[in-house]
Protein chains: 2
Amino acid sequence: MKYAVGVDVGGTSVKMGLVSESGDIRTTHSFPTDLSDGGANIIPDVAGEVASLLIKEGITREMTAGVGIGVPGPVTSDGTVNRCVNLGWGRINIKEELEKRLERAFPVFAANDANAATLGEVWLGAGRGCGNACLITVGTGIGAGMVCEGRMIYGAFGASGELGHITYKPGESRLCTCGKRGCVEQYASATGIMHMAKEAGLSCAGDVKEIYDAARNGNPDALRVTRNAADALGFAMSCASAAADPEVFIIGGGVSGAGAILMEQLEESFSRYVFHASRDARIVLAALGNDAGIYGCAKMVFDGINLR
Amino acid sequence: MKYAVGVDVGGTSVKMGLVSESGDIRTTHSFPTDLSDGGANIIPDVAGEVASLLIKEGITREMTAGVGIGVPGPVTSDGTVNRCVNLGWGRINIKEELEKRLERAFPVFAANDANAATLGEVWLGAGRGCGNACLITVGTGIGAGMVCEGRMIYGAFGASGELGHITYKPGESRLCTCGKRGCVEQYASATGIMHMAKEAGLSCAGDVKEIYDAARNGNPDALRVTRNAADALGFAMSCASAAADPEVFIIGGGVSGAGAILMEQLEESFSRYVFHASRDARIVLAALGNDAGIYGCAKMVFDGINLR
């Protein structure tokens, strides 16, 4: 049995797991992300923890297929990150750096974290068996990843799955964090929903969960706000369908905790915008939670090796 | 040297070409599309003409890699067409039907015509060497195809590259041919441009070429109309970038004859909507003209065989 180490690097912690070819996580481990010195210690830390994990678990070099690493920024298919604000990185080839640190004992595969998580959900989660899938994580921001014809899509600039930055309202006066105006993320993310709730004068608006609770109880303002959010996201999903035509949209992230009401609203808004040929695309909740990234990073390794 | 037959089935004629592995068209042939009997004769006709072409050219069974066929409708990766209005087809597996007619002498690969043409431009045309590319043909309607990570994208329902049916103006009163309102195609296609020119009372509006000529000469109404068209298309391109992040957009079809003025307007509108990470995507004119489909259909065969 071969094993891969899946490494999901976040802005606060690094999560890693030892995953078998058959998809079992044998052990997991996490440690704080060291953001000092422009994130210069992150790759050395990851390398050290990977080596330590393998030795502790008694996984020999022959049993190790490689390491997959996901980071919260654009990554091209050769492993180059072109600025990762959350980690303080400029331009860096993380595949190359990590392979060097690991003394080239095994190959490293790198990707954007949302793209890797999509591969994880397709391998073992809500998109199991789908050759064409799109994962959308709705949290503080919106992340998304695409798998097309069975392969994770990097994109030419590492920017596939940036569905949160599709323009939804060209006339919007507020700026998005990306510098544009009227991005889907400004309405459909937790941040966007809270903003709209505040504008609507919603007294219940302590957090997104409260807003969905109020909507579920029939509060008209809360219903309007949550429907607006779903309209923006359903529109973005219809654009993803027009481009790549996924079979399934997998919804994850904190806001997906709203459950059935969110799914119903998304079904409605998606069917409003989608081209008829793609209207049977399914919309489902993510199944792997925080482990999707670890699974997907490991799967990159197994897929990468199979491609050779 | 191996050869493939590329077959591009259109609503009025079928174009085919004998293409070598190295990308040379050895001979081409075309014949009228028989639309009688719900298009029931099309596949038998294609099979007969393929057999005849190979024998006339002295290409033996051993020298034939296979046949690639492109049709103007959604095609899934197993070769199933799910309604092709232009040809009168309902549900039909054209890969299966054509292989049977050809007595299973060689494999058949099938795709949507725009997807196949994209593969052609990536192989030998304006997208040469690009792993991620999007071809948009702007004519009476708008067709598009996607190549991601070096592979043609079919999509789950055969509906990848339907960029013309992204919603551009949700408040539009007119219906699109697809049944939705405000689709990109209603503004950016030749039909859409003519409609807007008529609405603007443009006297020069005999055809699209005249409108672009007037715009080039500084006619303010013609400038406005052509800029509106480019705004709709640039928006659709930004959505394709957000989903799949192509390196290059290749513009073909009748309207692309407008040349430089169209390219400038598209650069401007695309940069207005695109997420910053993808802003360096290039916009270029198609290079293979009507032969893109033949080349792409042949390339499907060579790629399909290499994948085995």
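Residues numbered from 1 in each chain as written. Chains lettered and ligands numbered in written order. Predicted model: local features only at pLDDT ≥ 70, side-chain atom pairs only at ≥ 80, totals over all residues. Heavy atoms only, no water.

Student: Before we move on, can you summarise the overall build of chain A with the specific residues and values?
Tutor: The helix and strand inventory of chain A stands at 10 helices and 12 strands. For chain A, whose C-alpha radius of gyration is 20 Å, the value lies close to the compact-globule estimate of 19 Å for 308 residues. Considering only C-alpha atoms, chain A reaches an extent of 60 × 45 × 35 Å along its principal axes. Across the 308 residues that make up chain A, the buried fraction comes to 59%. For chain A, the share of sequence-separated contacts (at least 6 apart) that also reach a separation of at least 24 residues comes to 60%. Once the 27 positive and 34 negative side-chain charges of chain A are each reduced to a mean point, those two points are 3 Å apart. (Helix = DSSP H or I, 4+ residues; strand = E, 2+ residues; numbered from the N terminus. Rg over C-alpha atoms; globule rule 2.2 N^0.38 Å. Buried < 20%, exposed > 50% of the residue type's maximum accessible area, 1.4 Å probe, protein only. Contact = heavy atoms within 4.5 Å. Lys, Arg positive; Asp, Glu negative; His and termini not counted. Charge placed at Lys NZ, Arg CZ, Asp CG, Glu CD.)

Student: Tell me about the sheet that holds strand 2 (residues 13-20) of chain A, and please be specific about residues and values.
Tutor: All names here are of chain A. Spatial strand order, 3-2-1-4-7: 5 strands in an open sheet with mixed pairing. Every interior strand has two partners, whereas the edge strands, strand 3 (25-32) and strand 7 (108-112), have only one. Taking the axes of each pair of neighbouring strands and ignoring which way they run, one obtains an average angle of 15° across the sheet. Of the pairings in the sheet, the one linking strand 1 (residues 3-9) to strand 2 comprises 7 bridges and is antiparallel in character. Each residue of the ladder has a partner; that of Ala4, found in strand 2, is Val19. Here helix 3 (residues 94-101) sits on the sheet and contacts strand 4 (64-71) and strand 7; the angle it forms with strand 7, its principal contact strand, is near 145°. Contacting strand 1, strand 2, strand 4 and strand 7, helix 4 (residues 113-124) crosses the sheet at an angle of about 105° to strand 7. (Pairing = 2+ DSSP bridges. Axes fitted to C-alpha atoms, helices over the stretch in contact; angles between N-to-C directions.)

Student: Please give an account of the side chain of His165 of chain B that cites residues and values.
Tutor: Following the sequence through the fold, His165 of chain B ends up in the loop between strand 10 (151-152) and helix 5 (185-188). The class of His165 of chain B is buried, set by a relative accessible area of 7%. Discounting residues that sit within four places of it in the chain, His165 of chain B has contacts with Tyr273 and Phe275 of chain A together with Cys176, Thr177, Cys178, Lys180, Cys183 and Glu185 of chain B.

Student: Describe in detail the sheet that holds strand 11 (residues 248-252) of chain B, supporting the description with residues and values.
Tutor: Consider a sheet: its strands pair through backbone hydrogen bonds, and that pairing is either parallel or antiparallel. Residues and elements named next belong to chain B. Reading across the sheet, the 5 strands line up as 10-9-8-11-12 and stay open at both edges, with mixed pairing between neighbours. Here the strands that pair on one side only, and so sit at the sheet edges, are strand 10 and strand 12 (282-285). Summarising the sheet, strand 9 (residues 142-148) and strand 10 pair through 2 bridges and their orientation is antiparallel. Following the sheet pairing, Cys148 is matched in strand 10 by Arg151. Contacting strand 8 (133-138), strand 9, strand 11 and strand 12, helix 8 (residues 220-244) crosses the sheet at an angle of about 140° to strand 11.

Student: Outline the packing of aromatic side chains, supporting the account with residue identities and numerical values.
Tutor: Using the criterion set out here, one finds 13 aromatic pairs over all chains in the structure. Members of the aromatic cluster, joined through ring pairs, are Tyr168, Tyr187, Phe235 and Tyr273 of chain A together with Tyr168, Tyr187, Phe235 and Tyr273 of chain B. Against the face of Phe109 of chain A rests Lys95 of chain A, its NZ or CZ located 5.0 Å from the ring centre. (Phe/Tyr/Trp six-rings, centres within 6.5 Å; stacked < 30°, edge-to-face > 60°. Lys NZ or Arg CZ within 6 Å of the ring centre and 35° of its normal.)

Student: Can you break down the domain arrangement of chain A residue by residue, with the values?
Tutor: How big an interface is tends to be stated in terms of the accessible area lost upon association of its parts. Residues and elements named next belong to chain A. Annotation of chain A at the domain level lists domain 1 (3-116 + 291-303) and domain 2 (129-287). Relative placement of domain 1 and domain 2: their C-alpha centres are 28 Å apart. Taken together, the contact pairs 10 residues of domain 1 with 12 residues of domain 2. Summing both partners gives a buried area of about 860 Å² for domain 1 against domain 2, and 58% of it is carried by carbon and sulfur. Three residues stand out in domain 1 for area buried against domain 2, namely Thr76, Ala114 and Asn115, and they jointly supply 53% of the buried area on that side. At the junction of domain 1 and domain 2, the tally comes to 0 salt bridges. Scanning the region where domain 1 abuts domain 2 turns up 3 residue pairs in polar contact (both at pLDDT 80 or more). Elements that contribute at least two residues to the side of domain 1 that touches domain 2 include exactly strand 7 and helix 4. The dominant element in the side of domain 1 that touches domain 2, judged by the number of residues it contributes, is helix 4, at 3 residues. Its residues assigned to classes, the side of domain 1 that touches domain 2 shows 7 nonpolar, 3 polar and no charged. (Domains from an automatic or database assignment. Buried area = accessible area lost by both parts, 1.4 Å probe. Salt bridge = Lys/Arg side-chain N within 4 Å of Asp/Glu carboxyl O. Polar contact = N/O pair within 3.5 Å; in protein donor to acceptor, adjacent residues only side chain to side chain. Nonpolar A, V, L, I, M, F, W, Y, C, P; charged D, E, K, R; others polar.)

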